[in-house]
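Next come the chains, spelled out residue by residue.
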Amino acid sequence: MSDLSNFSDEFWMSQALDLARSSICVAWPNPSVGCIIVKNNFCIGRGSTQSFGGSHAEVCALHDAMSKQYILEGSTIYVTLEPCCHYGKTPPCVDALLKAKPKSVVIAVLDPNPVVNGKSIKILESAGIKVKIGICAEEAIWLNIGFFSRIITCLPWVRSKIASSLDGRSSLYNKSSQWITSESSREDGHYWRARSGAILTGIGTIINDNPVLTVRHFPVSRNPIKAIIDDEFLIDPNSNIFDGSRVVIFTAINNKEKDKKIIDKNGEIVIVDGIDKHSNRINLSSVMKWFAKNCINEVHVEAGPGLNGKLLRNSLIDEIVLYMAPIVIGDANTFIKMPAIDHLKDAVAFSTLESKLIDNDIRIRLYNHDRWNWIKKTCIYKK
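Since the structure is predicted, the reported quantities are computational estimates derived from the model, not experimental observations.

Asker: Provide a residue-level description of the overall build of the chain, including the pertinent values.
Answerer: Scanning the chain from terminus to terminus reveals 12 helices and 18 strands. Its C-alpha atoms give the chain a radius of gyration of 23 Å, within 12% of the compact-globule value 21 Å for 383 residues. The dimensions of the chain, computed from C-alpha atoms along their principal axes, are 65 × 45 × 35 Å. In the chain, buried positions account for 51% of the 383 residues. Considering only residue pairs separated by 6 or more positions, the chain has 70% of its internal contacts joining residues 24 or more positions apart. By element, 50% of the accessible surface of the chain is carried by carbon and sulfur atoms, the whole surface being about 18,300 Å². The averaged location of the 40 negative side-chain charges in the chain is 4 Å from the averaged location of its 45 positive side-chain charges.

Here it is as structure tokens:
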């Protein structure tokens, strides 16, 4: 234990955020939270959210400190999300904090869930505990962007992972283009699968590639749902996608004989009522509402240009994770299929969140600025 005196609230909260990141692939549908307990300028306890149904970060940190026989009274507790004050799978975390008798609690961001949303702060303050809110707030929101999106907008955060060449091509016409990006980029892509609640693709990808869509390289507490947009119910019950994990088929057609074969393989058929009048296809907004109702915070899209284009035209892509290889392919399939426009002002615009070099590839994260602003403005605490 080293002397970390004079370190700021931002320093300790950044440590708590690192702990939260370590649990991002196991916590869903709960948000991943980190907690640090500091006394006399030393960290005496730390914890992060356990897999669904397990202990929350605050309780883990308190147990960590008590296991080392530290006295909690008079400490400062840093937590990346407002502690819960209701019974769910576990008792209220705010009760455990009250028993610890800290002198102060520093919170990154309020919990937007109406059953919490500021109530825990009032409970702590009424007990004479000083509460500070808003330290590293934007980082905390981004960390659990899907949770905030689902609670605030009643829609999941939809993230599309795309691999392309420098000239924006995703595959050759002869379909012999595996792999455009490096092995390191493909491994990195599994992180986005692992943290999501559902992996979404289109029937074209299933027919052409016959993928399994499993999570590899990253430990998960449970696998994401595999979801397929299949307007005309063309899915083959013998596809690799049916490996025993949960598979959901969104379609507009009912076929009782095929239904039974799919259900026997842990598949589920969801008949989407709303039909998009412009394309005579299932309404993708209805699909996203289904995800939100089923506690899916983040939807990870790995699809061809057709489904990516439909999602984009319906304003249903919130983030793009683009892996760009330093190659030029020429005439080939683009990664997104969109109709031509006559004016640049009609282009779909994204903001850049970050860029990163992975081997010889570049990973660029782009996001929908309007959606982000809506979520951020709702969450940032104003006393």
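After that view, the rundown keeps rolling.
Asker: Hey, could you go over the pairing of strand 5 (residues 130-133) for me, with residue numbers and the actual values?
Answerer: Because side chains alternate across strand 5, one face comprises the buried residues Val 131 and Ile 133, and the other comprises Lys 130 and Lys 132, none of which is buried. Relative to strand 5, strand 4 (residues 104-107) is paired through four bridges, and the arrangement is parallel. Bridged to Ser 104 within strand 5 is Lys 130.

Asker: With reference to specific residues and values, describe the nonpolar core.
Answerer: One finds Met 13, Ile 36, Ile 37, Ile 141, Phe 148 and Ile 375 to be the most contacted residues of the largest nonpolar core, which totals 57 residues. Of all the elements, helix 1 (residues 9-21) adds the most residues to this core, at six residues. Beyond its immediate stretch of four places on either side in the chain, Ile 141 contacts Val 109, Phe 148, Trp 372, Ile 375, Lys 376, Cys 379 and Ile 380. By size, the runner-up hydrophobic cluster in this structure holds 32 residues, among which are Trp 290, Leu 312, Met 324 and Ile 336.

Asker: Residues and numbers for the environment of Glu 354, please.
Answerer: As for its placement among the helices and strands, Glu 354 is situated in strand 17 (residues 351-358). Exposure remark for Glu 354: the relative accessible area of 30% places this residue in the partly exposed category. For Glu 354 and Arg 365, which are 11 residues apart along the polypeptide, the C-alpha to C-alpha distance reads 5.4 Å. Apart from the residues within four sequence positions on either side, Glu 354 is in contact with Arg 363, Ile 364 and Arg 365. At a separation of 2.7 Å, a polar atom in the side chain of Glu 354 contacts the side chain of Arg 363.

Asker: Can you explain the pairing of strand 3 (residues 76-79)? Please cite residues and give values.
Answerer: Burial of strand 3 is two-sided: the residues Thr 76 and Tyr 78 facing one way and the residues Ile 77 and Val 79 facing the other way are all buried. Across four bridges, strand 1 (residues 34-39) lies against strand 3 in antiparallel orientation. Bridge pairing in strand 3 places Ile 37 opposite Ile 77. Sheet analysis places strand 3 next to strand 4, joined by four bridges and oriented parallel. Bridge assignment links Tyr 78 to a residue of strand 4, and that residue is Val 106.

Asker: Run through the sheet that holds strand 5, naming residues and quoting values.
Answerer: With respect to topology, five strands assemble into an open sheet ordered 2-1-3-4-5, the strand pairing being mixed. Edge positions in the sheet fall to strand 2 (42-48) and strand 5, since each has one partner strand and no second. Across the sheet, the axes of successive neighbouring strands diverge by a mean angle of 15°, strand direction being ignored. Where helix 2 (residues 57-67) meets the sheet, its contacts fall on strand 1, strand 2 and strand 3, and the angle it forms with strand 2 comes to roughly 140°.

Parameters at a glance
Residues numbered from 1 in each chain as written. Predicted model: local features only at pLDDT ≥ 70, side-chain atom pairs only at ≥ 80, totals over all residues. Heavy atoms only, no water. Helix = DSSP H or I, 4+ residues; strand = E, 2+ residues; numbered from the N terminus. Rg over C-alpha atoms; globule rule 2.2 N^0.38 Å. Buried < 20%, exposed > 50% of the residue type's maximum accessible area, 1.4 Å probe, protein only. Contact = heavy atoms within 4.5 Å. Areas by Shrake-Rupley, 256 points an atom, 1.4 Å probe, with all protein chains shown as cover. Lys, Arg positive; Asp, Glu negative; His and termini not counted. Charge placed at Lys NZ, Arg CZ, Asp CG, Glu CD. Pairing = 2+ DSSP bridges. Core = buried A, V, L, I, M, F, W, Y, C linked by side-chain atoms within 4.5 Å. Polar contact = N/O pair within 3.5 Å; in protein donor to acceptor, adjacent residues only side chain to side chain. Axes fitted to C-alpha atoms, helices over the stretch in contact; angles between N-to-C directions.

That's the geometry; what it means functionally is another story.
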